[in-house]
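Residue strings, one per chain:
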Amino acid sequence: MANGSAGQNGVTQVPSHSDGIPAALPAKTSAQKNVVKYLPSEYYQSFLSLVAKERKPSPIRSLFPLEATPGLISLLAGKPNATTFPLTSLQFTARSPTDPSQDISIKVTDEQLAEALQYGATSGNPSLVNWVYGLQEFSHGRKKGEGWRISIGSGSQDLIYKAVNAMVNPGDSVLVESPVYAGVIPMFQTLHCDQIEVATDSNGISSASLREILESWPSSKPKPKVLYTVPYGCNPTGMTATLERRKEVLALSREHDFIILEDDPYYYLYYGDAARPPSYFALELEEPEAGRVLRFDSLSKILSAGIRIGFVSGPDVLVQAMDSHTATANLQVSGLTQILTSSLLNQWGYEAFKIHTESVSSFYRKKRDVFEGALKRHLDGLAEWSTPEAGMFVWFKLLLSSNASSSDEGDSEAIIKTKAFEKGVLALPGTVFLPNGRKTAYVRASFSLLEEGDVDEAVRRLREAILEARSEALSTS
Ligand SMILES: Cc1ncc(COP(=O)(O)O)c(C=O)c1O
């Protein structure tokens with residue numbers, strides 16, 4: 001794809017950038033302005049769950065904006081009086097992205113601190129929300145006011161849960177890539193959903209598998225409303241969906257009317273050699289109408305996991321339904337966490353943010369190389385894998401039978417939980433990432449934390465466990 005070339009509907013495409021997040025979009029020509037078409041609000045009514053339809057706007061929170069009316073005296077909310085709050089100032093230091101040897105000192109202004117200490121907007125602190133709007137334009141070419149909006153959550157997990165709640169009814173069929181992030185399986189299981197597994201391979205989600213599922217869908221059964229996928233450095237497979245696959249999945253979402261839940265916490269951890277493919281959120285600008293992508297971002301992997309900040313970007317009606325959930329469940333994300341994040345990000349700006357994320361992704365690329373080196377040294381002939389180009393996971397298949405023609409690939413669970421653990425190494429058996437919990441010879445290993453020596457030793461121990469399992473299998477056959 002040529003940088004900044006015009007897409008099918010005249011919308012400027014997102015230029016790709018080989019070593020990090022895409023460069024900022026070039027300004028649109030006047031002919032290209034205001035050409036983004038998006039689906040109307042009514043379109044989403046059939047996507048809302050019964051629970052979401054039942055939720056009424058919070059009688060107090062929905063009136064919050066009126067408090068800004070000039071001259072108004074508000075007796076509205078039960079806000080505690082801030083003069084009783086003990087915190088008087090907030091200042092912190094952070095590493096400079098451009099010169100990591102330097103700490104920069106950041107002081108939250110008194111006004112911002114007062115705002116952060118009080119109850120605030122359900123969808124997030126305005127300064128953070130605005131920064132995120134700018135980021136989505138910088139990274140994905142999506143402009144504020146073009147049929148989508150943002151809401152801040154306590155990490156992306158919070159938002160994914162609320163999105164599922166807002167759209168999925170008990171017993172619904174849902175499309176999930178398989179293997180799938182184990183953190184969403186219980187969301188669907190507790191709703192007794194029929195989780196339809198869409199195959200994946202080293203090119204990410206298989207659009208052919210998705211097409212087959214949808215084209216053979218029984219006419220008597222409602223089609224799934226959502227597809228859940230992790231397009232970069234997938235958890236658990238480590239794979240990144242190719243541009244071609246993404247385009248096909250988007251086309252299928254249009255043909256078969258489903259919303260793509262684009263869970264993308266590893267977007268900024270892309271370290272592949274090839275140009276990165278644009279996100280679904282960016283690519284849908286090439287669709288006749290945008291509005292079939294609900295995108296989840298997370299700051300957990302690039303700023304801090306404990307800071308608990310994620311954001312959702314997508315159609316107004318769906319994000320509003322999620323906000324109604326927040327207004328009932330937890331009111332808002334911690335104001336302090338939001339102001340700390342927004343102060344840091346506003347201090348940095350988008351270019352410094354990009355520099356920071358590039359240094360994080362190259363950190364994980366080195367970790368990937370070290371881990372893969374150990375796999376090659378110790379598990380040659382004992383395991384198979386594809387090299388991840390983003391994220392922090394390797395998904396590998398244990399070759400448990402020395403008989404290559406054996407049709408039974410075996411089960412990694414017993415080996416990982418017993419033999420490997422006894423030898424002093426822990427990893428996750430692949431079965432936990434399969435919605436139906438069937439057996440698999442796959443294992444997920446995370447390479448985010450270990451030093452080189454520990455990696456080598458861990459994989460050497462795995463080798464011993466596999467060899468032991470193989471020899472036991474031989475003696476019982
Ligand atoms: C695919 C995926 N989605 C969501 C999450 C949750 O991230 P957060 O910390 O933003 O809630 C994780 C965390 O590991 C993840 O791997």
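Residues numbered from 1 in each chain as written. Predicted model: local features only at pLDDT ≥ 70, side-chain atom pairs only at ≥ 80, totals over all residues. Heavy atoms only, no water.

Chemist: Help me understand the domain arrangement of the protein, please; the structure alone is not making it clear to me.
Modeler: By a frequent convention, interface size equals the accessible area lost on bringing the separate parts together. One can read the domain layout of the protein as domain 1 (36-67 + 74-354) and domain 2 (358-476). Inter-centroid distance (C-alpha atoms) of domain 1 to domain 2 is 31 Å. Taken together, the 30 residues of domain 1 in the interface contact 24 residues of domain 2. Summing both partners gives a buried area of about 2200 Å² for domain 1 against domain 2, and 59% of it is carried by carbon and sulfur. Linking domain 1 with domain 2 are three salt bridges. (Domains from an automatic or database assignment. Contact = heavy atoms within 4.5 Å. Buried area = accessible area lost by both parts, 1.4 Å probe. Salt bridge = Lys/Arg side-chain N within 4 Å of Asp/Glu carboxyl O.)

Chemist: Would you mind going over the sheet that holds strand S12 (residues 393-398) with me for this structure?
Modeler: Backbone hydrogen bonds are what pair the strands of a sheet, in a parallel or an antiparallel way. With antiparallel pairing, the four strands of this open sheet are ordered in space as S11-S12-S14-S13. Of all strands in the sheet, those with a lone pairing partner are strand S11 (383-385) and strand S13 (428-429), marking the two edges. Relative to strand S14 (residues 442-446), S13 runs antiparallel, the two sharing two bridges. Each bridged residue has a counterpart across the sheet, and for leucine 428 the counterpart in S14 is arginine 444. Packing of helix H10 (residues 335-379) onto the sheet brings it into contact with S11, S12 and S14, and relative to S11 it is tilted by some 150°. (Pairing = 2+ DSSP bridges. Helix = DSSP H or I, 4+ residues; strand = E, 2+ residues; numbered from the N terminus. Axes fitted to C-alpha atoms, helices over the stretch in contact; angles between N-to-C directions.)

Chemist: Would you explain the environment of alanine 420 in this entry?
Modeler: Among the secondary structure elements, alanine 420 is positioned in helix H11 (residues 412-422). Note: C-alpha distance between alanine 420 and glycine 349 (71 residues apart in sequence) is 46 Å. Other than its neighbours up to four places away in sequence, alanine 420 contacts Ile415, Val425, Leu462 and Ala465.

Chemist: Just checking my understanding: could you explain the site of the ligand for this structure?
Modeler: The local shell around the ligand holds 15 residues, among which Asp263, Tyr266, Ser298, Ser300 and Lys301 are the closest. Interatomic distance of 2.8 Å between a side-chain N/O atom of asparagine 235 and an oxygen atom of the ligand. The contact in question runs from an oxygen atom of the ligand to an N or O atom on the side chain of arginine 308, over 2.8 Å. Isolated, the ligand exposes 400 Å² of accessible area, and the fraction of that covered by the protein chains is 90%. For the shell around the ligand, the element with the most residues is helix H4 (residues 155-167), which contributes four residues. Residue classes in the shell around the ligand are distributed as six nonpolar, six polar and three charged. (Near = heavy atom within 4 Å. Polar contact = N/O pair within 3.5 Å; in protein donor to acceptor, adjacent residues only side chain to side chain. Areas by Shrake-Rupley, 256 points an atom, 1.4 Å probe, with all protein chains shown as cover. Nonpolar A, V, L, I, M, F, W, Y, C, P; charged D, E, K, R; others polar.)

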